[in-house]
Amino acid sequence: QLTAAAGGTIALLAARIENQAGATIRAPGGSVVFGAALGVNLDFYDDGLTTVTLTGLGYSSPYGCAAGMSTSSCLGGIENSGLISSTGGHVELRTTTDDGAGQPVGTPLFTEASNGGRIWIGGTISAANSAVRAGSIVLDAGMGNVDIGGISGVAAFVGANAFGAGQNAGTVDISGFQLFTHVCVGPGGSCVANDSLGWIDATAQTGAGNGGKITINVQDLVYNAGVMQASSFSGNAGQIEITSGRNVENYNWILSESGAGNGGTINIIAPYILLHRGQLPWLGGPGILYSQAVLSAYGATNGGNVNLTGDLAVVDLGDVTPVDPEYKPVINVRGMNGDGGTVSVIGNLSVDIGPTWFVNADGTGTGGTINISAQYVDFAGSMTANGDVKGGMINIYSDYSLTVSGSMTANGDVDGGTITLDSGFYTTLTATGTLTANGGMTPLPANSIGNGGFITVSGDYVDLIGNVYARGGSQQSIDPINPGLSRYSFGGQVYVYGRNSLNLSGLFDTTALN
């Protein structure tokens, strides 16, 4: 066990650094820094915290592992299966590969590359907040990989959480060539002894303030089979930023939720983004991965924001059903006591969404906003932006081809919302699914008051085969502005335009039931 005085620094500098299972390193209010490279500098700042900067490449020669440490090839790098703690302080781990390049082509996933430089976390790294300062964690593998979880029988946790009343959670920054978070695998998704969960957290716990921030920036791949969370039990949720130079693949939970405030923000930027739900062989060890593919930013008041920038594929094999009802939609920005949140998907070439509940952007006030755009859009799922007062907005735009076989709903208990499908010139738009923007939804079939919404479908070559509903309510009401007048419920509006051709064969219903 190593323990620094309050505000002190513990620095470990070597070719390879291991904090073994059962070992503890503590620097309350201070810093714990690891530097595994040919050269490093320690930087002491006026805020009392210490950081480490690499001045040389990493090591690849096998320096050997401690007894019982058979989880890696023992090259240069950092491995932690014990406890590193700095309450109200800073934890920083840095290394890189021996040649400054990423792993060689053909290196299997979840294995250590021949040029070393891996940070493997199998234990706990904690920089919880204190009454003085928010904690911070930096994991930087340079051009090496970061693995969180996967050491047999040891759960992995990297967290800058807050616990004190009114305290905000801290920050977690992770960078490298690739990032892997592992998951417990087994029948029905239960844990088995040969693999363990990887968890990244910046959550404000019970009685605390707002969620913190998780920032991930990698050169090649983010493979999340574990948990990333920047939530808040009592305040507003935090922020999760993920940037990758090639792929982001989410198989389980990315969460920025609030139990008493507004939902947070999840931003993902990559050339290709995969959200996968279903059973598949676990690449990190024996067993079956029961992936759920959840991006959740719901709020106890207003929903949060999910922004995806890159070509998107959403796959649901239909053999995994999340138990938590909030995780049944792949993306949840529901506002439980306020307005629904916002979802933005900006694809470069394609957005391909298979049969699944893709987005829940419902709100008890106004429904949320969903925007999807790409050169080619194929939507076979369902999404909702319903509101207890007014329906939200759903907008889909495609440059070349737009195919909608799923359903979109922007109903309002009072007024319906807006749905817009639009494709560019010399393009085809085919809609066989159902579009619904009804108003006056509560209660039905009688005594409902409200106007139908607006639905617009336009393109060069339009085939609108599905049904379209923009109905109004069923009865009159007293005008709230002029009590001497009655207010009627009106049906909505549907506008369909085909610049070169138009084929209509579905049901159009814009009636008001009064």
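In this report, we go over the structure that sits alongside the text. (Residues numbered from 1 in each chain as written. Predicted model: local features only at pLDDT ≥ 70, side-chain atom pairs only at ≥ 80, totals over all residues. Heavy atoms only, no water.)

**Section: the overall build of the protein chain**
Point 1. Regarding its fold elements, the protein chain presents zero helices and 43 strands.
Point 2. In the protein chain, which comprises 514 residues, the proportion classed as buried is 56%.
Point 3. Considering only residue pairs separated by 6 or more positions, the protein chain has 73% of its internal contacts joining residues 24 or more positions apart.
Point 4. For the protein chain, the accessible surface area stands at approximately 18,700 Å², while carbon and sulfur atoms represent 54% of it. (Helix = DSSP H or I, 4+ residues; strand = E, 2+ residues; numbered from the N terminus. Buried < 20%, exposed > 50% of the residue type's maximum accessible area, 1.4 Å probe, protein only. Contact = heavy atoms within 4.5 Å. Areas by Shrake-Rupley, 256 points an atom, 1.4 Å probe, with all protein chains shown as cover.)

**Some remarks on the pattern of salt bridges**
Point 1. One pass over the full model with this rule turns up nine salt bridges.
Point 2. Between Glu-79 and Arg-16 there is a salt bridge whose closest N-O contact spans 2.9 Å. Residue Glu-79 is found in strand E8 (residues 77-80), and its partner Arg-16 is found in strand E3 (residues 16-19); the two are separated by 63 residues along the sequence.
Point 3. Exposure remark for Glu-79: the relative accessible area of 2% places this residue in the buried category.
Point 4. We note a salt bridge from Glu-326 to Arg-334, for which the minimum N-O separation is 2.4 Å.
Point 5. By relative accessible area, which is 15% here, Glu-326 ends up buried.
Point 6. Residue Arg-334 is classed as partly exposed on the basis of its relative accessible area, which comes to 23%.
Point 7. Bridged by salt links that share partners, the residues Arg-16, Glu-18 and Glu-79 form one connected network. (Salt bridge = Lys/Arg side-chain N within 4 Å of Asp/Glu carboxyl O.)

**Describing the pairing of strand E15 (residues 156-159)**
Point 1. Summarising the sheet, strand E12 (residues 124-126) and E15 pair through three bridges and their orientation is parallel. By the bridge assignment, Ile-125 is partnered in E15 with Val-158.
Point 2. One ladder, built from four bridges, connects E15 with strand E17 (residues 198-201); its direction is parallel. Its bridge partner being in E17, Val-158 is matched across the sheet by Ile-200. (Pairing = 2+ DSSP bridges.)

**What to know about unusual backbone geometry**
Point 1. One non-glycine residue with positive phi stands out, namely Ala-293, at about 50°.
Point 2. Within the secondary structure, Ala-293 is located in the loop between strand E24 (288-291) and strand E25 (294-296).

**Here we look at a nonpolar patch on the surface**
Point 1. On the surface, a nonpolar cluster with roughly 290 Å² of combined accessible area is contributed by Leu-13, Leu-42 and Phe-44.
Point 2. Tracing the sequence through the fold places Phe-44 in strand E6 (residues 40-44).
Point 3. For Phe-44, a relative accessible area of 60% gives the class exposed. (Patch = residues over 30% accessible without salt bridge, like charges linked within 9 Å, V, L, I, M, F, W, Y side chains within 5 Å.)

**Some thoughts on the packing of aromatic side chains**
Aromatic ring pairs are reported here in terms of the distance separating the ring centres and the angle at which the planes meet.
Point 1. Under the criterion given, the structure shown has five aromatic pairs.
Point 2. With a centroid separation of 6.2 Å and an interplanar angle of 50°, the aromatic rings of Phe-180 and Tyr-223 are classed as tilted. Taken as a pair, Phe-180 in strand E16 (residues 171-181) and Tyr-223 in strand E18 (residues 213-224) lie far apart in primary sequence, 43 residues in all.
Point 3. Judged by relative accessible area, which is 2%, Tyr-223 ranks as buried.
Point 4. An aromatic cluster is built from Phe-180, Tyr-223, Tyr-251 and Trp-282, whose rings are joined through pairwise contacts. (Phe/Tyr/Trp six-rings, centres within 6.5 Å; stacked < 30°, edge-to-face > 60°.)

**Examining the pairing of strand E13 (residues 136-140)**
Point 1. With five of its five residues buried, E13 lies for the most part within the structure.
Point 2. Here E13 pairs with E16 via five bridges, running parallel. Counted as the bridge partner of Leu-139 is Ile-174 from E16.

**Section: the environment of Phe-233**
Point 1. Among the structural elements, Phe-233 can be located in the loop between strand E19 (227-229) and strand E20 (239-244).
Point 2. When the C-alpha positions of Phe-233 and Thr-206 are compared, they lie 5.3 Å apart, and in sequence the two are 27 residues distant.
Point 3. Not counting residues within four places of it along the chain, the set of residues in contact with Phe-233 comprises Thr-203, Ala-204, Gln-205, Thr-206, Gly-259 and Ala-260.

**Here we look at the side chain of Thr-409**
Point 1. Tracing the chain through its elements places Thr-409 in strand E34 (residues 407-409).
Point 2. The exposure class of Thr-409 is buried, given its relative accessible area of 17%.

**Brief notes about the environment of Ile-372**
Point 1. Position of Ile-372 among the secondary structure elements: in strand E31 (residues 369-379).
Point 2. Note: C-alpha distance between Ile-372 and Ile-396 (24 residues apart in sequence) is 4.8 Å.
Point 3. Here Ile-372 is in contact with Val-345, Val-351, Ile-353, Phe-358, Val-377, Met-383, Asn-395, Ile-396 and Tyr-397, once residues within four sequence places are set aside.

**Regarding the environment of Asn-305**
Point 1. If you trace the backbone, Asn-305 turns up in strand E26 (residues 305-316).
Point 2. In this structure, Asn-305 is in contact with Gly-264, Thr-265, Ile-266, Ala-297, Val-333 and Thr-342, ignoring residues within four places of it in sequence.

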